[in-house]
Structure formats: structure tokens, C-alpha cells
Amino acid sequence: VTGVQTCALPIYLTYYLIPAFIMQKFWILPSAVTTTAFPMVTELAASGEEETLRKLYRQCGQLVLWAVGPAFVFLVLFAPQFLTLWLGSEFSDRGVWPLRLLTLGYAFHLLAMMPSTAAYGVGRPRVSMAWHGAQAVICLVLWVVLVPRYGIVGAAAGFAASQGLTGLPFGLYISRRLFGMGAWDFVSQVALRPGLAAAVLFAALWPLREHV
């Protein structure tokens, strides 16, 4: 029995690992934005061009969200069809909610990508490292609680919750501390338009989800 369980464990983990692998593929576009923005942030911070730096921060923060927002909407809505077409109905039945929850977690993480880049660019790496450490600790604690009860879905839910609990607060903190932006400034100037566009796309595609 132990041998059977040991052999089954990698197969069971696959229902988490493949959705996580899919998410990593989508990370190319936002990573390209932040990688390009980093030397610009460093240069503008060193030259004291605060207004230009603040404008760059807002625009790149929006661009990160625009880069993968539509794809995330499609993944959440059409995850069953996508996984069935690619890997079969059995995998789809087991992997659809891990994929959806991981997508939600990465969406929260996107809110903190440009703030993290800005923190490193202006010479505040400890703040970003503290964010990464906090999300790791929260994720591990939630895994201990959720995985025994809900399995792979619990693992994905723990990851999503850890990102949701840390991503937005970190983005708000960096925006206020480095750029003097209040909570509404960050939401309205960075997250609002991409978020509304994603919501409209979600609403438009929702009636089609059973017919695709």
C-alpha cells in the first residue's frame, strides 16, 4: 500500500504543477516590462526626477496588468475546455480549480510586481524581500491547514490567499512611501482601468462558457 501511495503522489502533484507551469509561461510579458523598467527607475531616482519617475511607475504598473489580464480572464472562464483539449477530461476534472485559483493568486501578485521593481530600483531591497518572506510564511501556514483537508485544491487556495493578503497591501505601501500616492491614487491610476477592462471581458464571455 505504501508503494502504491508513493507512486500516486507525483501524479497527484501534477494537478498543481502543470497549472503552475502554465502560469509561469504567462510571466514572460510582465517580466519583460519590469526588467525594462528597472534601469529606468534607477536612473531617474539617481537624477532626482521625481515626477518622471512617478509617471513611469504608474504607466509600467498599468502595462504589467494589461499584459496578461485578458489571458487570465480566458483561463478562468475556459479552464475546463482548455485542459480537456490538452490533457483530457480526467485531468480537467481534477486540475480546473487549481488552475483557476493559481490564476487568481498570480493576478494579486501582478499588483506588486512594479512596486517591487521600484523598491529595488531606488535602493530599498529589504522592503521587497520582506514582502516575499511574508507571502512565503503565510503560504506555508495555509498549506499546513488546507492541504490535509482539500488536497491540491487547498494548496492552490493557500497560494492564492497568500498573494491576496500581501500583494495589494505591499503595492499600496510602496506607492505611498516612495511616490506619495494614497490608496485611491494607486487604485485609480494603476489598477482601475485594467481591472475594469478585465471585468467587462469576463461579463461578455460569461454567457459563452458552456458553449465553447
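Position labels on residues start from 1 in each chain and follow its written sequence. A pLDDT threshold of at least 70 governs which residues receive local features in this predicted model, and a stricter bar of 80 or more applies before side-chain atom pairs are shown or counted, although totals over entire chains, interfaces and linings include all residues. As a rule here, side-chain values cover all heavy atoms of the structure and leave hydrogens and water aside.

Caption draft 1: Geometry of the nonpolar core. Among the nonpolar cores identified, the biggest contains 47 residues, and Tyr16, Met23, Tyr57 and Leu110 are the most heavily contacted of them. Helix and strand assignments follow DSSP, with helices taken as H or I runs no shorter than four residues and strands as E runs no shorter than two, numbered in order from the N terminus. Sorting the residues of this core by element identifies helix 1 (2-26), helix 2 (28-47), helix 3 (50-87), helix 4 (89-121), helix 5 (125-179) and helix 6 (183-205) as the ones contributing at least two each. Per element, the largest residue contribution to this core is 13 residues, and it comes from helix 4. Contacts were defined at the residue level, with two residues in contact if any of their heavy atoms lie within 4.5 Å. Aside from chain neighbours lying at most four places away, what touches leucine 110 is Trp27, Pro30, Val64, Leu65, Val68 and Phe72. Here, the term nonpolar core denotes a set of buried Ala, Val, Leu, Ile, Met, Phe, Trp, Tyr and Cys residues that are joined through side-chain atoms within 4.5 Å. Relative accessible area decides the class of each residue, using a 1.4 Å probe on protein chains only: under 20% of the type maximum gives buried, over 50% gives exposed, and in between gives partly exposed.

Caption draft 2: Representation of the pattern of salt bridges. Definition used for salt bridges: Asp or Glu carboxyl oxygen within 4 Å of a side-chain nitrogen of Lys or Arg. This structure, assessed with the given rule, holds 2 salt bridges. For arginine 54, the salt bridge goes to glutamate 51, with nearest N and O atoms at 2.9 Å. Of this pair, arginine 54 and glutamate 51 both sit in helix 3, 3 residues apart, which is roughly one turn of the helix.

Caption draft 3: Focus on the side chain of glutamine 135. Note that glutamine 135 resides in helix 5. Here a polar contact is taken to be a pair of N or O atoms separated by no more than 3.5 Å, where protein atoms must pair a possible hydrogen donor with a possible acceptor and residues adjacent in sequence count only if both atoms sit in side chains. At 3.4 Å, the side chain of glutamine 135 and the side chain of glutamine 163 are in polar contact. Once you skip the residues sitting within four places of it in the chain, glutamine 135 turns out to touch His109, Ser162, Gln163 and Thr166.

Caption draft 4: Inspection of empty space enclosed by the protein at higher detail. In this analysis, the protein atoms alone were mapped onto a 1 Å grid. Cavities are point sets where a 1.4 Å probe fits without being able to get out; pockets are open sets with protein on both sides within 12 Å along at least five of seven lines; lining residues have an atom within 4 Å of a point. Grid points are joined across faces, edges and corners, and a volume is the space filled by probe spheres set on the points. Per the counting criterion, the structure on display carries 1 cavity of 30 Å³ or more. The calculated volume of the largest cavity comes to roughly 50 Å³. Looking at the largest cavity, the residues that line it are Tyr57, Gly61, Leu65, Leu110, Leu111, Met114, Pro115, Phe186 and Val190. Sorting the residues of the lining of the largest cavity by element identifies helix 3, helix 4 and helix 6 as the ones contributing at least two each. Sort the elements by how many residues they give to the lining of the largest cavity and helix 4 lands first, with 4 residues.

Caption draft 5: Up close: the packing of helix 3 against helix 4. Only C-alpha atoms enter the line fits that serve as axes; for helices the fit covers just the stretch in contact. Angles between N-to-C directions range over 0 to 180 degrees. Orientation of helix 3 relative to helix 4, taken along the N-to-C sense of each, is 175°, at an axis distance of 9 Å. Classified by the angle their axes make, helix 3 and helix 4 are roughly antiparallel. Looking at the contact of helix 3 with helix 4 residue by residue, the class counts come to 24 nonpolar, 6 polar and 1 charged. Here the angle decides the label: under 35 degrees means roughly parallel, over 145 means roughly antiparallel, 65 to 115 means roughly perpendicular, and every other value means oblique. In this classification, Asp, Glu, Lys and Arg are treated as charged, Ala, Val, Leu, Ile, Met, Phe, Trp, Tyr, Cys and Pro as nonpolar, and every other residue, Gly included, as polar.

Caption draft 6: Quick look at the layout of surface pockets. The computed volume of the largest pocket comes to approximately 480 Å³. As for the largest pocket, its lining consists of 20 residues, and the residues nearest its centre are Phe72, Leu104, Ala107, Phe108 and Ala198. Of all the secondary-structure elements, those providing two or more residues to the lining of the largest pocket are helix 3, helix 4 and helix 6. The dominant element in the lining of the largest pocket, judged by the number of residues it contributes, is helix 4, at 9 residues. In terms of residue class, the lining of the largest pocket is made up of 16 nonpolar, 3 polar and 1 charged. Size it by volume and the second largest pocket reaches roughly 160 Å³. Taken together, Leu44, Ala45, Gly48, Glu49, Glu50, Leu53, Arg54, Val122, Arg124, Leu178 and Phe179 make up the full set of residues lining the second largest pocket. Sorting elements by how many residues they give to the lining of the second largest pocket places helix 3 first, with 3 residues. Of the residues in the lining of the second largest pocket, the class split is 6 nonpolar, 1 polar and 4 charged.

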